[in-house]
Amino acid sequence: MKRPLEASVEGRGRIVGITDGVFAIALTLIVLEIRVPAHDVIHSEHDLLAAIAALAPRFLTYALSFLTLTIFWFGQQAQHGLIARSDRRLATLNLCFLAFIALLPFSTDLLADFLEFRTAVLVYWLNLLMLGITLFVSWRYAEKSGLVAEDVDAETKRTVYLRIVKAQVLWAVGAAFCLITPLASVGFILVVQLIYAATPNVTWVRRIIG
């Protein structure tokens with residue numbers, strides 16, 4: 001008889017479902033912070049253009065967080081494509097990861113409101129750091145517990161680790177730029193996000209669609 005907490009394919013399916021739901025909500029929430037200027041303070045084309053220009057920090061942080069969520073969604077989906085089964089511990093680790101995904105709209109809003117402050121940049125970076133740590137630990141647990149699909153080779157497993165670690169190192173460098181100016185940090189992290197979003201791992205993509 002199958003035990004309730006035993007590793008199963010069904011458990012993996014439930015993880016995938018809740019993951020997609022949390023990401024969808026987070027993607028919606030980050031854009032809701034870009035509010036249309038109040039009509040009663042707009043009296044001319046110039047006023048409207050000035051009001052839109054004042055929203056530039058929010059558009060910047062929206063782009064940053066949209067790319068962040070995209071990267072982590074692809075990373076999580078890639079891992080799910082390599083994992084055959086899930087158990088309660090892996091589900092718990094995944095929920096920890098999703099807790100920090102759900103926190104991203106807050107750190108994004110904080111960064112948009114206080115773009116000139118180092119603390120806001122560091123809070124955003126800590127959010128990225130915790131996402132990376134939970135994703136790394138989830139993959140390590142899945143590998144060590146025999147939950148990864150049997151046909152996943154050692155090179156693919158190593159690639160998963162390296163992709164997470166490299167991103168975290170680059171984001172840490174970006175966070176360090178706030179010692180110069182917070183805007184330099186945001187600019188550097190945005191470039192890193194663009195590179196990662198534009199260069200998905202081919203092995204993972206083949207695995208997912210194959």
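For the structure, check the block above.
A. Representation of the packing of aromatic side chains in the model. A full pass over the atoms with the stated rule returns 8 aromatic pairs. Considering the side-chain rings of Tyr 62 and Phe 66, the 5.9 Å spacing of their centres and the 45 degrees angle between planes classify their relative orientation as tilted. In this pair, Tyr 62 and Phe 66 are both assigned in helix 3 (residues 56-82), 4 residues apart and thus about one turn of the helix distant. Between Phe 136 and Tyr 161 the ring centres are 5.0 Å apart and the planes differ by 50 degrees, which places this aromatic pair in the tilted class. Note that Phe 136 is positioned in helix 5 (residues 118-144) and Tyr 161 in helix 6 (residues 154-176), a separation of 25 residues in sequence. Under the relative-accessibility criterion, Tyr 161 is labelled buried at 15%. Among the aromatic side chains, those forming a connected cluster through ring pairs are Phe 23, Phe 72, Phe 97 and Trp 171.

B. A look at the side chain of Gln 168. Here Gln 168 lies in helix 6. Residue classification places Gln 168 among the buried residues on the basis of a relative accessible area of 12%. Once you skip the residues sitting within four places of it in the chain, Gln 168 turns out to touch Phe 72, Leu 128, Leu 129 and Gly 132.

C. Quick look at the nonpolar core. Counting residues in hydrophobic clusters, the biggest one holds 44 residues, and the most contacted among them are Phe 72, Phe 97, Ile 101, Leu 111 and Trp 171. Contributing elements (two or more residues each) for this core: helix 1 (9-32), helix 3, helix 4 (88-113), helix 5, helix 6 and helix 7 (182-198). Looking at this core, the element that brings in the most residues is helix 5, giving 10 residues. Not counting residues up to four positions away in its chain, the partners in contact with Ile 101 are Val 22, Phe 23, Ala 26, Leu 69, Phe 72 and Leu 131.

D. Up close: the pattern of salt bridges. Per the stated rule, a full pass over the model turns up 2 salt bridges. For Arg 58, the salt bridge identified is with Asp 109, shortest N-O distance 2.7 Å. With Arg 58 in helix 3 and Asp 109 in helix 4, the pair connects residues that are 51 residues apart, well separated along the chain. Residue class for Arg 58 comes out buried when judged on its relative accessible area of 14%. A salt bridge links Arg 58 to Asp 113; its shortest N-O distance comes to 2.4 Å. With Arg 58 in helix 3 and Asp 113 in helix 4, this residue pair connects regions lying 55 residues apart in the sequence. Residues joined by salt bridges that share partners form a network here, namely Arg 58, Asp 109 and Asp 113.

Procedures and definitions
- Residues numbered from 1 in each chain as written.
- Predicted model: local features only at pLDDT ≥ 70, side-chain atom pairs only at ≥ 80, totals over all residues.
- Heavy atoms only, no water.
- Phe/Tyr/Trp six-rings, centres within 6.5 Å; stacked < 30°, edge-to-face > 60°.
- Helix = DSSP H or I, 4+ residues; strand = E, 2+ residues; numbered from the N terminus.
- Buried < 20%, exposed > 50% of the residue type's maximum accessible area, 1.4 Å probe, protein only.
- Contact = heavy atoms within 4.5 Å.
- Core = buried A, V, L, I, M, F, W, Y, C linked by side-chain atoms within 4.5 Å.
- Salt bridge = Lys/Arg side-chain N within 4 Å of Asp/Glu carboxyl O.

In short, shape yes, function no, at least from these values alone.
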